[in-house]
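These are the residues of each chain, in order.
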Amino acid sequence: MRILGIDPGLNVTGIGVVEVEDDHCVHLHHSVLRTRPSDPLSARLVLLRDGVRDAAKHWLVSAGAVESSFVANNARSALLLGHARAAAIVGLADAGVPVFEYAPNLVKQTVAGYGHGEKSQVAMMVKLQLGLKTTPTPADAADALAIALTHWAHSRIQLLVR
């Protein structure tokens, strides 16, 4: 099973791809999609949708994991994040990939063992869990890998429950 993790953001969206082999997870790819704030919102959302769709198709993923929204103090920021999430979800849907959503605190708890961990802690745990030589950068890509790892962990739990 290949999992595409997505850390959505309107300026920077993290992409992380892992492959499950037997009982462990292997890193395949991580990167970011960047949009220019000076571009129209519609163009930025199309870029995110197309980038996610193309990554899903290129890496032949069988599941997409997206970080769910959180309530922010700034309503405008929350709305823009919602737009970016929607573009990512539509990109996965366009590629025919099922979408799973995980709360930010659940991702941190699953990967780092603490639901309020720092981004640096999450990135370090991603490095350790995937056996990488260096910490994945930028932070948005590391977060995307953490979201993919979270999906892997929770899908394994669901198999055990059944």
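Before any of the text, the structure's been laid out above.
## Considerations on the side chain of E19
Among the secondary structure elements, E19 is positioned in strand β2 (residues 12-21). Within the structure, E19 has its side chain in polar contact with the side chain of R2 (distance 3.5 Å). When residues no more than four places from it in sequence are discounted, the contact partners of E19 are M1, R2, H24, C25, V26 and L28.

## A short note on the packing of helix α3 (residues 104-112) against helix α4 (residues 119-130)
Orientation of α3 relative to α4, taken along the N-to-C sense of each, is 45°, at an axis distance of 9 Å. Between α3 and α4, the angle is such that the two are oblique. Considering the relative orientation of α3 and α4, their crossing is left-handed. Each of K108, V111 and A112 in α3 lies in contact with α4, whose residues at this interface are V122, M125, V126 and Q129. Across the contact of α3 with α4, the residue classes break down as 5 nonpolar, 1 polar and 1 charged.

## Side note on the pairing of β2
When you tally the buried positions in β2, you get 9 out of 10 residues, the bulk of the element. Of the pairings in the sheet, the one linking strand β1 (residues 2-7) to β2 comprises 6 bridges and is antiparallel in character. Within the sheet, the bridge partner assigned to I3 lies in β2 and is V18. The turn joining β1 and β2, which pair antiparallel and follow one another in sequence, is formed by 4 residues. Pairing geometry for β2 and strand β3 (residues 24-34), over 10 bridges, is antiparallel. Within β3, the residue paired with I15 across the bridge is S31.

Here is what the cut-offs are and how they apply
- Residues numbered from 1 in each chain as written.
- Predicted model: local features only at pLDDT ≥ 70, side-chain atom pairs only at ≥ 80, totals over all residues.
- Heavy atoms only, no water.
- Helix = DSSP H or I, 4+ residues; strand = E, 2+ residues; numbered from the N terminus.
- Polar contact = N/O pair within 3.5 Å; in protein donor to acceptor, adjacent residues only side chain to side chain.
- Contact = heavy atoms within 4.5 Å.
- Axes fitted to C-alpha atoms, helices over the stretch in contact; angles between N-to-C directions.
- Parallel < 35°, antiparallel > 145°, perpendicular 65-115°, else oblique.
- Left-handed = near helix turned anticlockwise from the far one by under 90°.
- Nonpolar A, V, L, I, M, F, W, Y, C, P; charged D, E, K, R; others polar.
- Buried < 20%, exposed > 50% of the residue type's maximum accessible area, 1.4 Å probe, protein only.
- Pairing = 2+ DSSP bridges.

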